[in-house]
Amino acid sequence: MKNTDSDTTAAFEKLVAGTPSDEHYVLRLYVTGMSPRSTEAFASIKAICDERLQGRYELEVIDIYQHPQLAIDEQIIAVPTLVKKLPAPLRRLVGDLSNQDRVLLGLDLRRKP
Amino acid sequence: MSKDADQQTPANRGLAKVPTGIQGLDEITGGGLPCGRPTLVCGSAGCGKTLLAMEFLVRGATQFGEPGVFMSFEETTQELTQNVRSLGFDLDDLVEQKKLAMDFVRVERNEIEETGEYDLEGLFVRLNFAIDSIGAKRVVLDTIEALFGGLSNVSILRGELRRLFRWLKDKGVTAVITCESGAGTLTKHSLEEYVSDCVIVLDHRVTDQMSTRRLRIVKYRGTSHETNEYPFLIDEDGISVLPITSLGLQHTASTERISSGIPRLDAMLGGEGYYRSSTVLMSGTAGSGKSSIAAHFAAAACARGERCLYFAFEESPGQILRNMRSIGIDLEPWVKQGLLHFHASRAAIHGLEMHLATIHKLVREFKPRVVVMDPVGSLTSVGTRQDSNVMLTRLIDFLKMQGITALLTSLTSGDEALEGANMDVSTLVDTWLLLRDLELDGERNRVMYVLKSRGMAHSNQLREFLLTNQGVELQNVYLGAEGVLTGSARQTREAAEKAGSLLRHQEAEAKQRERVLKREAQEARIVVLQKEFEAEEEVAKRDIEQERSREETHRQDRDRMGISRKGDKVSKDAEPLARSHETPRGRK
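Residues numbered from 1 in each chain as written. Chains lettered and ligands numbered in written order. Predicted model: local features only at pLDDT ≥ 70, side-chain atom pairs only at ≥ 80, totals over all residues. Heavy atoms only, no water.

**Student:** How would you sum up the overall build of chain A? Please name residues and give values.
**Tutor:** Along the backbone of chain A there are 4 helices and 4 strands. Secondary structure elements in chain A, listed N-terminal to C-terminal, are α-β-α-β-α-β-β-α. Considering chain A as a whole, with its 113 residues, one finds that 43% of them fall into the buried category. Relative to all contacts within chain A whose residues are 6 or more apart in sequence, the contacts with residues 24 or more apart total 65%. Of the roughly 6,400 Å² that chain A leaves accessible, carbon and sulfur atoms contribute 54%. (Helix = DSSP H or I, 4+ residues; strand = E, 2+ residues; numbered from the N terminus. Buried < 20%, exposed > 50% of the residue type's maximum accessible area, 1.4 Å probe, protein only. Contact = heavy atoms within 4.5 Å. Areas by Shrake-Rupley, 256 points an atom, 1.4 Å probe, with all protein chains shown as cover.)

**Student:** Account for the nonpolar core, with residues named and values stated.
**Tutor:** Within the largest apolar cluster, 42 residues are counted, with the highest numbers of intra-cluster contacts made by L141, L147 and I177 of chain B. Mapped onto this core, the elements with two or more residues apiece are strand 3 (38-43), strand 4 (68-72), helix 6 (121-134), strand 7 (138-142), helix 7 (146-150), helix 8 (154-171), strand 8 (174-180) and strand 9 (198-207) of chain B. The contact partners of L147 of chain B, leaving out residues within four places of it in the chain, are I77 of chain A together with F73, V107, L120, L123, L157 and L161 of chain B. (Core = buried A, V, L, I, M, F, W, Y, C linked by side-chain atoms within 4.5 Å.)

**Student:** Give me empty space enclosed by the protein: which residues, what numbers.
**Tutor:** Per the counting criterion, the structure on display carries 2 cavities of 30 Å³ or more. Roughly 90 Å³ of volume is contained in the largest cavity. Along the walls of the largest cavity sit Q75, I76, I77, A78, T81, R92 and V94 of chain A together with R106, V107, E108, I112 and L151 of chain B, which together make up its complete lining. Here the residues of the lining of the largest cavity are counted per class, giving 7 nonpolar, 2 polar and 3 charged. (1 Å grid on protein atoms, 1.4 Å probe; cavity = no way out; pocket = protein on both sides within 12 Å on 5 of 7 lines; lining within 4 Å. Points joined across faces, edges and corners; volume = space filled by probe spheres on them. Nonpolar A, V, L, I, M, F, W, Y, C, P; charged D, E, K, R; others polar.)

**Student:** Lay out the packing of aromatic side chains in plain terms, naming residues and giving numbers.
**Tutor:** Residue and element names in this part refer to chain B. In total, this model carries 4 aromatic pairs over all chains according to the counting rule given. Ring centres of Y274 and F297 lie 5.4 Å apart, and the angle between their planes is 80°; on these two criteria the pair is classed as edge-to-face. Of this pair, Y274 sits in strand 14 (residues 274-275) while F297 sits in helix 10 (residues 290-303); the two residues are 23 residues apart in sequence, bridging distant segments of the chain. Relative accessible area serves as the criterion here: at 0%, F297 is assigned to the buried category. Between F311 and F313, the aromatic rings sit 6.4 Å apart at their centres with planes inclined by 10°, giving stacked as the arrangement. Each member of the pair F311 and F313 is classed as buried. Sitting above the plane of the F124 ring, R163 keeps its charged end 4.2 Å from the centroid. Above the plane of the ring of F366 lies R307, whose end atom (NZ or CZ) is 4.9 Å from the centre. (Phe/Tyr/Trp six-rings, centres within 6.5 Å; stacked < 30°, edge-to-face > 60°. Lys NZ or Arg CZ within 6 Å of the ring centre and 35° of its normal.)

**Student:** Residue-level account of the sheet that holds strand 1 (residues 25-31) of chain A, with values.
**Tutor:** Here we have 5 strands laid out as an open sheet, ordered 2(A)-1(A)-3(A)-4(A)-6(B), and mixed in their pairing. Across the chains shown, the open sheet's two edge strands, defined by having one partner strand only, are strand 2 (57-63) of chain A together with strand 6 (112-114) of chain B. For this sheet the average axis-to-axis angle between neighbouring strands, irrespective of direction, equals 20°. Across 7 bridges, strand 1 of chain A lies against strand 2 of chain A in parallel orientation. What sits directly across from V26 of chain A, in strand 2 of chain A, is E58 of chain A. (Pairing = 2+ DSSP bridges. Axes fitted to C-alpha atoms, helices over the stretch in contact; angles between N-to-C directions.)

What follows is the structure, encoded as structure tokens:
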């Protein structure tokens, strides 16, 4: 019981402190070929990652034209979609990632100044 | 693909159609859904959209060799598979055989963050992948509107859906897209604006606590179609739609006659019974013997080896069997032989349309030559008078088209004018038997008469009938001062007639006996006279004999005298007997 309590508290404190700077990010960007939106999205996420997640992220770009089965497996509807596999919770960022505030919100990077 | 579509219609009239395989739907659409085009199926929750779409795919895959893709936005593949297993659709097997591809599209609002412009290319890619993987010709998008719940940018969604439908057309697949119906509009998000080739609306209405599913084709571009609402059933065989108004008066009239099962009733009907494929209405008050006469008819049909379908709306099959056995009609052997099939259900459990649907279905399956509905009146009491008339017309037309002879019984309450109560139906039926109770001398007696019977010289007599151990027996007709005599009055009359004839018979017998006696007396007298005569004759003979012997003696004496006197011998031959006869007398 006590144990659980301390766990919850720790989790809460962790949450208040914001995403620890050492958390590892696993991101997948689903795109359709070299469409303008795809390239735009890629450029956008690349910039954010380089700026905020240097050295602790993994970004995989998948062209669903070439791997349709992956689109099914990952429940992709809209394109482009950036899936944040880790850290939990799983989020899907739909769109060309042009709205940076929303992207940061989606990636739980908002609290960082 | 459009080239293929053109080739499919040799008639070159209208557009190519893809049969759905759903019973009845192909009839009202005139062949099926538009080939290579999307069809919108809309309706409220629980009215059978998913099932209709699924059956379209399964029938296509199993019956028409057209593989299909089912893209579901609401139910997972597993759930769907379980749901339709009860209908005998084995989706796993179809998937295995590459006749069906299923894809569940999960749209989870709370996982999604919209960060800018996007399109639904992901959906296109998945659909394309599924179509190409099995060479699908049919596609179902089950409640695509779920997308509106997951993605908030309506203008993007609308644009993308428009593009999707266009893409489906270009792809040449026949698509069914299901939609929730909205308030006042066909669909919640006005998707009917994009899918304009064919729109089918499903409806699940409750009127008077009776729920009926209905289907209507709102729009079918480029083809004529039925515009009415059709009830449809969902049962263990899937969906069946009833094209009930596509009826006419084209049925052929049979000249074959079939027995009513009661020989004396046949005699009343021109001597031969009902016409085959005619409709017989038997109306009467409670307890006037309708079911018994119906049972006779059913038994007679089975005895001829014909199938009989018996719809019972007030009694269970067991009860009917027992009751009919009590009047000497044993229907059980026919049930066991499969010639007689009972379908018992309360009229109140369904709406009219549902009943009609059930009847259609059963008739199609059982293929009877004879149908009994007992009583059809309880069926018509379910709906309004107008509804029930429409329904009866459809029913009668349907049965006639199938060449089925139908016997409908109808209950009239005691107060109503017997002939007026069924006025609406009366024009539809070919033969109308009226059963009623006659109250006379403190008793009720059953009588029947043929009110009308088209195309035959029928009896106009009011006939009393009895329910005996041997079934229904029509009695002889006795007319009294107040009309036909029934019950005790008839029996009295019968007894009186019997007594009268007995008396006459006795008189005749007495006379006969008298004659015999007379003759016997006469004969006795003749015998006596004969005896007397014989006696007299005897006496006479004796006299003659004596005379002769005397004469002989006399002649001998004479001869002796002659001899003694040495005279001539008197010739016996020369002298006649008569003379000799006289001689002695003269000597006397």
